[in-house]
Amino acid sequence: MQIAVASDHAGFTLKQALADHLRDLGHVVTDLGTDGEEPVDYPDFGAAVGRAVTAGPADLGVCVCGTGIGISIAANKIPGVRAAVVHDVSSAHLARAHNDANVACFGARLTGGTTALDALDTFLATSFEAGRHLRRIAKIDRLEEDE
Ligand code: RB5
């Protein structure tokens, strides 16, 4: 799978660990930054991952900031992105199974490294359940068209 990753300075260390893990699993990782712990602005990086997912080449995205919140809000501004803050295996599973999330966002200041890696594995291994959830995802798509 092709996976775009990015973080701000607060998420840099965890982003590196998640990217290394993805490469170890054989995925093709596009690292869109940031490249160190100098302060940067998370909207730039959330948007970059969102664009890589919706316009290509990425199948899925991974974002990290201090909480996962700011970078998820930014990623979700890109039409077609369904970014979810993922705290653990359960939230990762439900974000894919019910919400068909295409970007997983982590909070490096809130979620430990091992938990984040396990959650990422679950995010990648879980399929969208479709069924009743399809109607709800379609309504989200229409919100983007109508607002
Ligand atoms: C950066 O200090 C912090 O605000 C950012 O990483 C993130 O937590 C925002 O949601």
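Residues numbered from 1 in each chain as written. Predicted model: local features only at pLDDT ≥ 70, side-chain atom pairs only at ≥ 80, totals over all residues. Heavy atoms only, no water.

Student: Give me the lowdown on the pairing of strand S1 (residues 2–7), citing residues and values where you can.
Tutor: The buried fraction of S1 amounts to five of the six residues, a majority that puts the element mostly inside the structure. Note that S1 and strand S2 (residues 28–31) share four bridges and pair parallel. Across the sheet, Val5 pairs through a bridge with Asp31, a residue of S2. Assessed by its sense of winding, the connection that carries the chain from S1 through helix H1 (residues 12–24) to S2 is right-handed. Here S1 runs beside strand S3 (residues 60–65); their pairing, made up of five bridges, is parallel. Bridging from a neighbouring strand, Ile3 pairs with Leu60 of S3. (Buried < 20%, exposed > 50% of the residue type's maximum accessible area, 1.4 Å probe, protein only. Helix = DSSP H or I, 4+ residues; strand = E, 2+ residues; numbered from the N terminus. Pairing = 2+ DSSP bridges. Right-handed = clockwise from strand over helix to strand, strands pointing away.)

Student: Talk me through H1; I want residue IDs and the actual numbers.
Tutor: When the terminal C-alpha atoms of H1 are compared, their 18 Å separation across 13 residues agrees well with the 18 Å that a helix rising 1.5 Å per residue should span. Against the buried residues of H1 lie S1, S2, S3, strand S5 (103–107) and helix H5 (113–125). Following H1 by one or two positions, Gly26 adopts a phi angle in the positive range, close to 100°. (Expected span 1.5 Å × (residues − 1). Contact = heavy atoms within 4.5 Å.)

Student: Outline the site of the ligand, supporting the account with residue identities and numerical values.
Tutor: Surveying the vicinity of the ligand reveals the residues Asp8, His9, Ala10, Tyr42, Cys65, Gly66, Thr67, Gly70 and Arg109. Within the side chain of Asp8, an N or O atom sits 2.6 Å from an oxygen atom of the ligand. Within the contact set of the ligand, an oxygen atom lies 2.7 Å away from a backbone nitrogen or oxygen of Gly66. About the coverage of the ligand: the protein hides 72% of its 290 Å² of free accessible area. (Near = heavy atom within 4 Å. Polar contact = N/O pair within 3.5 Å; in protein donor to acceptor, adjacent residues only side chain to side chain. Areas by Shrake-Rupley, 256 points an atom, 1.4 Å probe, with all protein chains shown as cover.)

Student: So what's going on with the packing of aromatic side chains? Residues and values would help.
Tutor: Tallied over the full model, the rule gives zero aromatic pairs. Residue placement shows Arg96 over the ring face of Phe123; its charged tip is 5.9 Å from the ring centre. (Phe/Tyr/Trp six-rings, centres within 6.5 Å; stacked < 30°, edge-to-face > 60°. Lys NZ or Arg CZ within 6 Å of the ring centre and 35° of its normal.)

Student: Kindly report on the pattern of salt bridges, identifying the contributing residues and their values.
Tutor: Applying the stated rule across the entire model yields four salt bridges. For Asp100, the salt bridge goes to Arg82, with nearest N and O atoms at 3.1 Å. Linking Asp100 in the loop between helix H4 (89–97) and S5 with Arg82 in the loop between helix H3 (69–75) and strand S4 (83–85), this pair joins segments that are 18 residues apart in sequence. The partner of Asp100 in a salt bridge is Arg96, with the nearest N and O atoms 3.0 Å apart. Since its relative accessible area comes to 18%, Asp100 is described here as buried. A network of salt bridges, in which partner residues are shared, links Arg82, Arg96 and Asp100. (Salt bridge = Lys/Arg side-chain N within 4 Å of Asp/Glu carboxyl O.)

Student: Report on the sheet that holds S2, specifying residues and quantitative values.
Tutor: In spatial order, the strands read S2-S1-S3-S5-S4; together these five strands make up an open sheet with parallel pairing. The open sheet terminates on both sides in strands that have one partner only, identified here as S2 and S4. Neighbour to neighbour, the strand axes of the sheet diverge by 20° on average, direction disregarded. Helix H2 (residues 42–55) contacts S1, S3 and S5 of the sheet and is inclined by roughly 170° relative to S3. (Axes fitted to C-alpha atoms, helices over the stretch in contact; angles between N-to-C directions.)

Student: Tell me about the state of the cysteines, and name the residues and values.
Tutor: Inspection of every chain in the model, using the stated rule, returns zero disulfides. A disulfide-free cysteine, Cys63 has its sulfur positioned 4.4 Å from the sulfur of Cys105, the nearest such atom. The cysteine Cys65 is free of any disulfide, with Cys105 supplying the nearest cysteine sulfur at 7.4 Å. (Disulfide = S-S within 2.5 Å.)

Functional significance is not addressed by these values, which are geometric in nature.
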